[in-house]
Amino acid sequence: MLGQILLVANRRFSSKVVPMSAAKLQELAMKETCILVNDRDESVGKASKRDCHLVDAAGNIRLHRAFSVFLFNSAGDMLLQRRSIDKITFPDCYTNACCSHPLYDIEGEREEMNALGIRRAAQRRLNYELGIPLAQARPENFHYLTRIHYADRGDGTWGEHEIDYILFLQKDVDLKPNDSEVSEVRYVSRKQLDTTMTTLNAPLTPWFRLILQHRLRLWWDNLHQLKKYENHVEIERF
């Protein structure tokens, strides 16, 4: 898996090994293969992460499968991360705990039954981005709520067009953020949410902004009964 390869590439095994720069790691990650889908979330092929996020001359972006993890501790506080300035798409933006893609070239992440491939991808990325041990975020620990279809042209060169699976995870975990991916993490209480959002000194990612606007408060207020808010049939569009 590329995430694992990148981790290895950035370790110092001897004094002669030069760690790979964050920018280079981000460039390598753009070669990962995302799963292309139609507007019914049916797989129609694959394309590199780079090709999936480039805005073409007509303003179009290729639709692909993604996920967003919202992580809460046992007290009900939500983890907020700030993306590294080296990120190619939406750098230096605040967002939810982890946002990424299942990879086509990892067979287990193409498994669609019960969103198992998505859950596996979420486990992999939480480990890579936030250093959360694999045993603390197993696929069965994630609560799959719904899918959201959204698009955003970003800066006009790099944008998003995704069927985004929404996963909730409430668990106390160990964190060791990867500074090539994440520049800051903090927990925010439900009571502090609105104040925090108005005092951040960087923008929000478009997917987080949409979910915050339309659903997050409702879901957060019902962490103890999320099953009643599951929607695995329809793809929501804001």
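## Quick word on empty space enclosed by the protein
- What the rule picks out here adds up to one cavity of 30 Å³ or more.
- Counted as a void, the largest cavity has a volume near 140 Å³.
- In the lining of the largest cavity, the residues fall into five nonpolar, five polar and eight charged.

## Regarding the packing of aromatic side chains
- Tallied over the entire structure, the rule returns seven aromatic pairs.
- Note on Phe-70 and Phe-168: the rings are 5.4 Å apart at their centroids and 35° apart in plane angle, and the pair reads as tilted. Within this pair, whereas Phe-70 is found in strand S3 (residues 64-72), its partner Phe-168 is found in strand S8 (residues 160-170), the two being separated by 98 residues in sequence. Pair check on accessibility: Phe-70 and Phe-168 agree, each one buried.

## A look at the pairing of strand S4 (residues 78-83)
- Taken across its six residues, S4 has six buried, putting it largely inside the fold.
- Burial along S4 is two-sided: the residues Met-78, Leu-80 and Arg-82 and Leu-79, Gln-81 and Arg-83 are all buried.
- Note: S4 against strand S9 (residues 182-188), six bridges, orientation antiparallel. Along S9, the bridge assignment pairs Leu-79 with Tyr-187.

## Details of the state of the cysteines
- What the rule picks out here adds up to zero disulfides.
- In this structure Cys-93 is a free cysteine whose sulfur lies 11 Å from that of Cys-99, the closest cysteine sulfur available.
- Note on Cys-93: relative accessible area 6%, which makes it buried.
- With no disulfide partner, Cys-99 has as its closest neighbouring cysteine sulfur the one in Cys-98, 6.4 Å distant.

## Things to note about helix H4 (residues 116-130)
- Under the 1.5 Å per step criterion, the end-to-end length of H4 is 21 Å for 15 residues, consistent within 8% with the ideal 21 Å.
- Of all the 15 residues making up H4, 12 are buried; the element is thus mostly covered by neighbouring parts of the structure.
- Listing the buried residues of H4 in full gives Gly-117, Ile-118, Arg-119, Ala-121, Ala-122, Gln-123, Arg-124, Arg-125, Leu-126, Tyr-128, Glu-129 and Leu-130.
- Gly-131 lies just past H4 and shows a positive phi near 70°.

Parameters at a glance
- Residues numbered from 1 in each chain as written.
- Predicted model: local features only at pLDDT ≥ 70, side-chain atom pairs only at ≥ 80, totals over all residues.
- Heavy atoms only, no water.
- 1 Å grid on protein atoms, 1.4 Å probe; cavity = no way out; pocket = protein on both sides within 12 Å on 5 of 7 lines; lining within 4 Å.
- Points joined across faces, edges and corners; volume = space filled by probe spheres on them.
- Nonpolar A, V, L, I, M, F, W, Y, C, P; charged D, E, K, R; others polar.
- Phe/Tyr/Trp six-rings, centres within 6.5 Å; stacked < 30°, edge-to-face > 60°.
- Helix = DSSP H or I, 4+ residues; strand = E, 2+ residues; numbered from the N terminus.
- Buried < 20%, exposed > 50% of the residue type's maximum accessible area, 1.4 Å probe, protein only.
- Pairing = 2+ DSSP bridges.
- Disulfide = S-S within 2.5 Å.
- Expected span 1.5 Å × (residues − 1).

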